[in-house]
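# Descriptive structure summary
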Amino acid sequence: MNRAYILDAILSRFGKSDSDYRSLSHETANHLLRNHPEFRPEFLVFAAMAPEKYTGEIFLPAKIQESLGLPSLFVVRTETASSSGASALHLARYLILSGKFRRGLVIATEIMSRLPREENNLLLGSVLSESQRRLAMSMAQGGAMTTTRYMHDYGYTRKDLYSLSKKLHDNGLENPISHIKKELNEEEYFSSPMFSSPLCLYDISPLSDGCCALLLESDPSRIPGDNAKIFLAGTGHGTGHVSGIPGGTSFPASVEAFRQAYSEADLAPSDIRVAELHDAFTPFELIGAEDAGLFPRGKALKYVVEGVTDKRGRLPINPSGGLKTRGHPVGVSGLAQIAELFFLMNRETYGTGLALSIGGLGINNFATILRSED
């Protein structure tokens, strides 16, 4: 069977951009393609959640292809809310595994800064069920319900949550593209505005603009000799019930996605050396780590407090700063996680990396395992 290798990747700066979707996509992907002039993509998969709402742009894949000066090729868009970037990568991998295509370009872009926060919250909340929205429920309230249950069931306090937020902010300080660069202290954390108890300002990801582009290749001989040969060893996908009751301490869609990814990669949780886990709300990192089997139920926050998941700990989780501080341009984050793992696995000796991207309130979730042949 073919393998899908990551030839290279690039991330724009996350934060606020003056560009629109087409322009930022062109700028980012064009820089990547210029670094690989011999690369001839046979398909382009584009991901975004809501360009029609954010900037009024439509028909973007073909427009981006034309602006990049690419010849006629298969172009398509994927959209699975906040996991759109991951769904684009999985689709691209399947295209290569099918044998129909040998190499391709994946781009994910989101421009969220054009809408005020109130309109953004309504747009993001549109993924909730009608019954949830009739109760005026927001995404943050759903995250808060899960966090409250986790803290209650396993005996944690907000001081423990501060340790998680502190770790992510410290990691973001070292990431050159991150949206949030802040040396967070305990006083600032506990005096910050409460968005939905127990989640405060420093527990919730920012509204970001950003872009990620990635090249997939089936021929490992095309990868430069000084780079690790990193391939997508396993992918998995799970869906939950949109109308389900939030507030549980596990997302069944994630459990299923991890099961599939581990099975396909022929690996176990104990084989994972680094992870990037969806943390639009910081405690989702904990739920993801436990759903992945990296830690027993109820123990993930304990290991955060003890430093196990620090950037230089035994099992780094979200060394990029995660969605919390790198930023969360919703349609981009799933692909950005893979780019971050790719960069890290080329710099360090991590042989395996795991990513989880969540769509909606734990509903449409994608797990990805990267492995290095070196």
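Residues numbered from 1 in each chain as written. Predicted model: local features only at pLDDT ≥ 70, side-chain atom pairs only at ≥ 80, totals over all residues. Heavy atoms only, no water.

### Side note on helix α3 (residues 60–67)
Taken as a whole, α3 has its buried residues at L60, P61, I64 and Q65. Considered in projection along α3, the buried side chains sweep an arc of 135° and stay on one side of the axis. Packing partners of the buried residues in α3 comprise α1 (21–34), β2 (43–47), α2 (51–54), β3 (74–78) and β4 (103–111). (Buried < 20%, exposed > 50% of the residue type's maximum accessible area, 1.4 Å probe, protein only. Helix = DSSP H or I, 4+ residues; strand = E, 2+ residues; numbered from the N terminus. Arc of directions from axis to C-beta. Contact = heavy atoms within 4.5 Å.)

### Notes on the nonpolar core
With 86 residues, the main nonpolar core has L44, L68, L105, I107, L294, F295 and L354 as its most contacted residues. Residue contacts for L294: discarding those within four places in its chain leaves Y262, P269, I272, A275, L277, A289, L315, I317 and L354. In terms of nonpolar packing, the next biggest core, distinct from the first, is built from 35 residues, F14, A336, I338 and L344 among them. (Core = buried A, V, L, I, M, F, W, Y, C linked by side-chain atoms within 4.5 Å.)

### As for unusual backbone geometry
At the junction of S197 and P198, the peptide bond is cis and its omega measures out at 10° in the coordinates. Inspection of the secondary structure puts P198 in the loop between β5 (194–196) and β6 (199–200). The residue D266 is not glycine, and still its phi comes out positive at about 55°. Along the chain, the position of D266 falls in the loop between α10 (252–265) and β9 (274–277). On the basis of relative accessible area, D266 is assigned to the exposed category, the value being 67%.

### Here we look at the layout of surface pockets
In this structure, the largest pocket spans a volume of roughly 720 Å³. At the level of secondary structure, the elements contributing two or more residues to the lining of the largest pocket comprise α5 (117–125), α7 (139–154) and β5. When residues in the lining of the largest pocket are grouped by element, the largest group, five residues, is from α5. Here the second largest pocket defines a volume of roughly 330 Å³. (1 Å grid on protein atoms, 1.4 Å probe; cavity = no way out; pocket = protein on both sides within 12 Å on 5 of 7 lines; lining within 4 Å. Points joined across faces, edges and corners; volume = space filled by probe spheres on them.)

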